[in-house]
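Overview (structure and organization)
Okay, here's what each chain looks like letter by letter:
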Amino acid sequence: MMLLLGATTGVAQEIETAIGADVVSQYIWRGQDLGSVSLQPSLGLECKGLSFTAWGNVGISEPNDTKELDLTLAYSTGGLNIGITDYWTNNGGDPNARYFRYNAHGTNHVFEANIGYDFGLASVQWYTNFAGNDGANNDGNRAYSSYMEAVVPFKLSNIDWTATAGAVPFATNYYGTTGFAVTNLALTATKEIKITDTFAIPVFAQVAANPCSQKVYLVVGFTLQP
């Protein structure tokens, strides 16, 4: 979740800057448990549908939790969106986790391409890892790990909700699957808590289940914004 700030001078008037940070009780990503209480800052720039975003994660309660930095270049027009993300993680002092290490068989970067469409009532998205530290399939070969997701937003009792269903189409140990598997069923509610007449804090709660791993999570969090 990010706050949009408009630039004010020259050509920069067409550029929007987005700044924000979430604090979450647990880091759950596509049905996977990636850490405990976490701070997740973000910074983005957008101009005429083209955007560049940096997103990070650092554990607050557990120092050994994954530290992450994701860089995304994306373009959207109408309901269509495409993008490329460079995921980088530094987990447990892994020597391969040096940021500028891009060795084919010794990097902690994962490169992912995505394409999706927002139909208004619902949106669909497809993601595929195409390079970097991807997982392996059942034969031990590069899996080109993929994930597909549908999201339906709706409003109920003056609260914004989203229902999410995500699945992994092929076998990959990147997501812990041996074939097609539903890995993410989630329901998220978001509401702004008014602090003063001019200041409110968005608070959200999510129930997420991973039928493949047979795990269920309850996550709460809030958004910090300038």
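Each value, and the rule that gives it
Residues numbered from 1 in each chain as written. Predicted model: local features only at pLDDT ≥ 70, side-chain atom pairs only at ≥ 80, totals over all residues. Heavy atoms only, no water. Helix = DSSP H or I, 4+ residues; strand = E, 2+ residues; numbered from the N terminus. Contact = heavy atoms within 4.5 Å. Phe/Tyr/Trp six-rings, centres within 6.5 Å; stacked < 30°, edge-to-face > 60°. Buried < 20%, exposed > 50% of the residue type's maximum accessible area, 1.4 Å probe, protein only. pLDDT = per-residue confidence, 0-100. Core = buried A, V, L, I, M, F, W, Y, C linked by side-chain atoms within 4.5 Å.

**Quick notes on the environment of Tyr99**
You can see Tyr99 is positioned in the loop between β8 (80-90) and β9 (109-118). For the pair Tyr99 and Thr164, spaced 65 residues apart in sequence, the C-alpha to C-alpha distance is 32 Å. With near-sequence residues (within four places) excluded, Tyr99 lies in contact with Leu69, Leu71, Asp86, Trp88 and His109.

**Observations regarding the packing of aromatic side chains**
With the rule as written, the count across this model stands at 11 aromatic pairs. An angle of 65 degrees between the planes, with centres 5.8 Å apart, marks the rings of Trp29 and Tyr87 as edge-to-face. Linking Trp29 in strand β3 (residues 27-29) with Tyr87 in strand β8, this pair joins segments that are 58 residues apart in sequence. Like Trp29, the residue Tyr87 is buried in the burial classification. Judged by centre distance (4.8 Å) and plane angle (55 degrees), the rings of Tyr117 and Phe119 are tilted.

**Description of the confidence of the model for the protein**
Across the protein, the average pLDDT comes to 91, with 92% of residues at or above 70. In this model, residues 2-8 is a region of pLDDT below 50 whose contacts with residues beyond four sequence positions or in other chains number 22 contacts.

**Some points on the nonpolar core**
If you look at the biggest cluster of nonpolar residues, it comprises nine residues: Tyr27, Trp29, Tyr87, Val110, Tyr127, Tyr147, Val168, Tyr174 and Tyr175. Residues Val24, Ile28, Phe204 and Tyr217 belong to the second largest nonpolar core, which totals five residues.

**Concerning unusual backbone geometry**
One non-glycine residue with positive phi stands out, namely Arg30, at about 55 degrees. The backbone phi angle of Gln214 is positive, close to 60 degrees, even though this residue is not glycine. Mapped onto the elements of the fold, Gln214 is located in the loop between β14 (200-210) and β15 (215-224). By relative accessible area, Gln214 is classed as exposed at 74%.

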